Amino acid sequence: MKIKKTWVFIFILIGISLLACSNKKMEDSNANKNHLKVYISIYPLYDFTNKLIEDADNIDVKLLVPNGIEPHGWEPGTEEMNKLEEADVFIYNGAGLESWVEKMMDSLDNQDLKKVEASKGIQLLEGKKISCPIHGYHKGTDPHVWLSPKNAKIEVENIKNALCELDPNQTKVYEKNYEHLAKELDSLDQEFESSLKNRKHNTIIVSHEAFGYLCHDYGLKQIGIEGIHSEHEPDPKSMKKIVDYVKDNNITTIFSETLIDPKVSETIAKETGAKTDVLNPIEGLLKDGEGDYFSIMRENLEALKRALL
């Protein structure tokens, strides 16, 4: 009799154990369903999104283009494609920066992946309307919209709207964070406007022509050692044009940037007697903890003040 009772007790324990495991699996499954996986193409959008999800629950944000990599010409490999197969949202800049997006989306099995073009609704600068004394007119559009705080505000709103649509239970969190970010961007815009108002010079020489929107907002003119896309070094003829332009227009500063080799900028500075400084297009970071959008933009403002005031 004791043996029978013992076996009954064992079976009860096994049943309880199996039920607990089953419940745990269901809980894990429900947690995964409620967990939002977000992948983002470039750093500024990654930074904006992380600021928007502050105090939100069950959301992971990952960056696709690794630190230290210049995004022009970068394309996702097998590892990145596998990540996107499990993602809920993919946020990218658009405006011609990520030329691989359409091809990538066509090859994914993940048909539920929501695609968010952050630059949607921004008035783009068309290359055919952008004239440069060194490179002439450009093809395509200028994708570096985030370097205008006004445009950055539109991108932040587009990302916020996508998060609210996919995760309506946390809409209040996203809306609150958006309002805070919008005010910060308005303040940053005013800082640039007031700080550069009484400048002595208007022209900046930069590594590549990433600052079209910033220049458009504040009445500046940029000349790039390279064109809009930083993929090729200038030929000797272009180099001579840049050197002559710097000398003829009393340009005092040649700007390099963090993800491009500064040797060409340094060569021009040496030949013209100009100094060098850094103007960061914030296309990516060299390493984690280097700064955020606002701190880097304010560093850019200080660099512009040194060159133009």
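Whatever comes next refers back to the structure up there.
In this report, the structure presented in the accompanying data block is examined. Because the structure is a prediction, the values reported are computed rather than measured. All residue numbers refer to positions counted from 1 along the written sequence of the respective chain. pLDDT decides what is reported in this predicted model: residues at 70 or higher carry local features, side-chain atom pairs at 80 or more are listed and counted, and totals for whole chains, interfaces and linings draw on all residues regardless. Only hydrogens and water are removed before side-chain values are computed, so all heavy atoms of the structure are retained for them.

## Focus on the environment of Thr141
For step 1, the next point in the chain: Runs of E in the DSSP output that reach at least two residues are strands. Runs of H or I that reach at least four are helices, and both are numbered from the N terminus. Looking at where Thr141 falls in the secondary structure, it is placed in the loop between β6 (136-137) and α5 (149-166).
For step 2, the next point in the chain: Residue class for Thr141 comes out buried when judged on its relative accessible area of 18%.
For step 3, the next point in the chain: Distance in space between the C-alpha atoms of Thr141 and Glu126 is 4.4 Å, their sequence separation being 15 residues.
For step 4, the next point in the chain: Think of a polar contact as two N or O atoms within 3.5 Å of one another; within protein, one of them needs to be a possible hydrogen donor and the other a possible acceptor, and neighboring residues in sequence only count if both atoms come from side chains. Side-chain polar atoms of Thr141 contact the backbone oxygen of Ala95, separated by 2.8 Å. The rule is simple: take the accessible area with a 1.4 Å probe, protein chains only, and divide by the maximum for that residue type; under 20% is buried, over 50% is exposed, in between is partly exposed.

## Some details on the nonpolar core
For step 1, the next point in the chain: Judged by nonpolar contacts, the single largest core of 58 residues is most densely connected at Ile59, Ile91, Phe192, Tyr293 and Leu304.
For step 2, the next point in the chain: In terms of residues, this core owes the most to one element, helix α10 (residues 293-308), which gives 9 residues.
For step 3, the next point in the chain: Whether two residues are in contact is decided by their heavy atoms: any pair within 4.5 Å suffices. Contacts of Tyr293, omitting those with residues within four sequence positions, involve Tyr43, Asp47, Phe48, Trp146, Leu147, Ser148, Pro149, Ala152, Leu185, Leu188 and Ile282.
For step 4, the next point in the chain: Here, nonpolar core refers to any group of buried Ala, Val, Leu, Ile, Met, Phe, Trp, Tyr and Cys residues whose side-chain atoms link them within 4.5 Å. Judged by nonpolar contacts, the second largest core, of 15 residues, contains Ala87, Val101, Leu108 and Leu113.

## Re the packing of aromatic side chains
For step 1, the next point in the chain: A pair of Phe, Tyr and Trp rings is counted when the ring centres sit within 6.5 Å of each other, with Trp represented by its six-membered ring. The angle between the planes then sorts it: under 30 degrees is stacked, over 60 is edge-to-face, the rest tilted. Evaluated as defined, the whole model comprises 7 aromatic pairs.
For step 2, the next point in the chain: Taking the centre distance of 5.5 Å and the plane angle of 75° together, the rings of Trp74 and Trp100 count as edge-to-face. Of this pair, Trp74 sits in the loop between β2 (59-63) and α3 (78-85) while Trp100 is found in the loop between β3 (89-92) and α4 (101-107), placing the two residues 26 residues apart along the sequence.
For step 3, the next point in the chain: On the accessibility criterion, Trp74 (14% relative accessible area) is buried.
For step 4, the next point in the chain: On the basis of relative accessibility, which here comes to 5%, the residue Trp100 falls in the buried class.
For step 5, the next point in the chain: Both rings, one in Phe192 and one in Tyr218, keep their centres 5.4 Å apart while their planes meet at 20°; by these two values the pair is stacked. With Phe192 in helix α6 (residues 171-195) and Tyr218 in helix α7 (residues 212-218), this residue pair connects regions lying 26 residues apart in the sequence.
For step 6, the next point in the chain: According to the relative accessible area criterion, Tyr218 is buried, its value standing at 6%.
For step 7, the next point in the chain: Linked through ring pairs, Trp74, Phe90, Tyr92 and Trp100 together constitute an aromatic cluster.
For step 8, the next point in the chain: The residue whose ring lies beneath Lys160 is Tyr178, and the NZ or CZ to ring-centre distance is 4.9 Å. Any Lys NZ or Arg CZ found within 6 Å of a ring centre and within 35 degrees of that ring's normal is scored as a charge over the ring.

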